[in-house]
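Reading the structure
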Amino acid sequence: MHTPGRLLVIPAVLLTLAACANGTDDLLPGYYEEQAGGGGLGGDGGAGGEDLSVSSSSSSSVSVGSTGVGGDGGEGGDVGSNEGDGGAGSGGAVAECDYAAPNTCTGAEALGSISGDVDADSMTVTGTTSKWFKILIVDNADEASSEHFRATLESPPGMNFDLIAYQGEIEVDAPNCFASGVRGQGTPESFYVTWNDRFADPDELWFILEVRHVEGTACGEDAKWTLTLLGNNAALIEP
């Protein structure tokens, strides 16, 4: 008896899944790349990738991308063939500016000391990132007068850095990282404080100064801020 031949039917959905399994469409989160291949009698070159993402967080890290360069043209296929080699595209380069502080309050950079009641002590510090500093305002005049201290932070054009001061306590020979911070006022931002100079008693005070990046994407010299510290005559200088 003759048995008819059997016809094997593969569902279209299985063919589709198989095709996807062999594909290359595997993009990582946050990554963008565009490539186009040529064919036939010579394809167009691949388009360069582009990454113009900007991110800002407590770490103060900002990435600024530049547009990619287009790829070379693709090779044409053989005569009678519909296939050709695709063009190669290259993505844009990404430059990164990091404004995160290299230290913490407990590891604040020591700036030494300036007098709060004699002479006209001053100090200048510059930087391009957030940063923590500590400074001691010393009592040099043994008389009943006043101690003065001023800190002024000037941000470069297009950038905004905040100045925050944390005041220590008299007769405590150490900075206080748990003190309430006082933000500088005005433009440029300035912090000023004065306290009584007790006769025959030391009235030194420690201050923690935090420079904190708020906004702006400039890098290097274009991101440089200037912190100016004054003692004694600080009360005579307009904020």
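Going by the structure above, here's the rest.
Below: a short report on this structure. Just so it is clear, the structure is predicted and the values come from calculations on it, not from any experiment. As a convention, each chain's residues are numbered from 1 in the sequence order in which they are written. Only residues with pLDDT of at least 70 are given local features in this predicted model, and only at 80 or more are side-chain atom pairs given and counted; all residues enter the totals for whole chains, interfaces and linings. Only hydrogens and water are set aside when side-chain values are computed; all heavy atoms of the structure are taken into account.

A short note on the sheet that holds strand E6 (residues 145-154)
Each pair of strands is called paired provided DSSP finds at least two bridges between the two strands. Secondary structure elements follow DSSP: runs of H or I no shorter than four residues count as helices, runs of E no shorter than two count as strands, and numbering proceeds from the N terminus. If you trace the 4 strands from one edge of the open sheet to the other, you get E4-E11-E6-E9, paired in antiparallel fashion. Each edge of the open sheet carries a strand with a single partner, namely strand E4 (122-127) and strand E9 (189-197). In this sheet, adjacent strand axes meet at a mean angle of 10° when their direction is disregarded. Of the strand pairs in this sheet, E6 and E9 are connected by 9 bridges, and their pairing is antiparallel. Bridge pairing in E9 places Ser146 opposite Asn196. Convention adopted: a line fitted to C-alpha atoms gives each axis, helices being fitted over their contacting stretch, and angles between N-to-C directions are expressed from 0 to 180 degrees.

Focus: the pairing of strand E7 (residues 160-167)
A large share of E7 lies buried, amounting to 6 of its 8 residues. Bridge count between E7 and strand E10 (residues 205-215): 8 bridges; the pairing is antiparallel. When the bridges of E10 are listed, Ile164 appears paired with Glu210. Sheet topology note: the E7/strand E8 (residues 181-183) ladder contains 3 bridges and is antiparallel. Looking across to E8, one finds that Ala165 is bridged to Val182. To sort residues, take the accessible area from a 1.4 Å probe on protein chains only and compare it with the maximum for the residue type: under 20% means buried, over 50% means exposed, and anything in between is partly exposed.

Some thoughts on the state of the cysteines
Two cysteine sulfurs form what is called a disulfide whenever their separation falls within 2.5 Å. Inspection of the entire model under this criterion finds 2 disulfides. Between Cys97 and Cys219 runs a disulfide, and the two sulfur atoms are separated by 1.4 Å. Here the residue Cys97 occupies a position in strand E2 (residues 94-98), and Cys219 occupies one in the loop between E10 and strand E11 (225-231), the gap between them amounting to 122 residues. Its relative accessible area of 36% is what places Cys219 among the partly exposed residues. Here Cys105 pairs with Cys177 through a disulfide, and the sulfurs are 2.0 Å apart. Residues Cys105 and Cys177 share a disulfide whose torsion about the S-S bond is about -100°; that sign makes it left-handed. Of this pair, Cys105 sits in the loop between E2 and strand E3 (109-115) while Cys177 sits in the loop between E7 and E8; the two residues are 72 residues apart in sequence, bridging distant segments of the chain.

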